[in-house]
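Listed below, chain by chain, are the residues.
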Amino acid sequence: MPSASTAPAWSPRMPAWALSRGRDINESDAAFGAGNALKSLDDLIRAEPPWVGCWRDRLALKSAAVAAKMLGRNEEETALRDAVLLTVAGDDPGPAGKLFLATRMLTRRSGPVTTSFVKEIADLFGLRWDDGLASIPETVDSANQSGRAAPFAVADLITAISAVRPDAEVLALGLAEVVLAHKLNWPNANISKLLTILSRSISDISK
């Protein structure tokens, strides 16, 4: 039996009362479940277990696979991973590797979202640069300064980016994760979760 000093501060299990008991879920049920999930995630990140760095990279890889599907590509996780890990530093990792590099950069971002950062991520995602994307840093800053609760500020950000560039949904979700981490004061950058959640939702719908 672990002592009080070694017992984990975070439980890997959601309490039974927090889980949905049926498929007919309304907006209140969804909000309640999302709040509980976010609290569990917050507890995990603040506990900072020794494996959290590997976990972040693993989620970044999963997010890259989802991004590939959203962009009409067919690379799986192994191809995305190998495109980066089997490439010599300084060489072009190709379109597949660039997706993984983009999601990993978003996962590790803890500073302000600058124009140069958005430009680099957009290039890795293969998005054409224009005035709509150039306005994103200001939009992100507004979301960071917003007095609305974090989930609503993030939703507003995604809506705003999608309005100026409907083809930049992947970028919007990635930057939303950065804003969420900032507003919740998560240590050591953010995690790459919104894209993986979207992947799970798509999988559930397809069943």
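Bear in mind the structure is a predicted one, so any value in this text is a computation, not a measurement. (Residues numbered from 1 in each chain as written. Predicted model: local features only at pLDDT ≥ 70, side-chain atom pairs only at ≥ 80, totals over all residues. Heavy atoms only, no water.)

Tell me about the overall build of the protein chain, residues and numbers included.
In terms of helices and strands, the protein chain carries 10 helices and zero strands. Taken from the N to the C terminus, the helices and strands of the protein chain come in the order α-α-α-α-α-α-α-α-α-α. Of all 207 residues assigned to the protein chain, the portion counted as buried reaches 37%. For the protein chain, contacts bridging at least 24 residues in sequence account for 57% of all contacts bridging at least 6. Counting every atom, the protein chain has about 12100 Å² of accessible surface; 55% of that belongs to carbon and sulfur. (Helix = DSSP H or I, 4+ residues; strand = E, 2+ residues; numbered from the N terminus. Buried < 20%, exposed > 50% of the residue type's maximum accessible area, 1.4 Å probe, protein only. Contact = heavy atoms within 4.5 Å. Areas by Shrake-Rupley, 256 points an atom, 1.4 Å probe, with all protein chains shown as cover.)

Tell me what's going on with the packing of aromatic side chains, and back it up with residues and numbers.
Applying the stated criterion to the full structure yields one aromatic pair. For Arg104, the ring lying beneath its charged end belongs to Phe100, and the centroid distance is 5.3 Å. One Lys or Arg, Arg109, reaches over the ring of Phe117 and ends 4.1 Å from the middle of that ring. (Phe/Tyr/Trp six-rings, centres within 6.5 Å; stacked < 30°, edge-to-face > 60°. Lys NZ or Arg CZ within 6 Å of the ring centre and 35° of its normal.)

Go over helix α3 (residues 77-85), please, and point to the residues and values.
Residues Leu80, Ala83 and Val84 constitute the buried set of α3. Buried residues of α3 fall within an arc of 90° about the axis and therefore sit on the same side. Buried residues along α3 sit against α2 (52-70) and α4 (94-108). (Arc of directions from axis to C-beta.)

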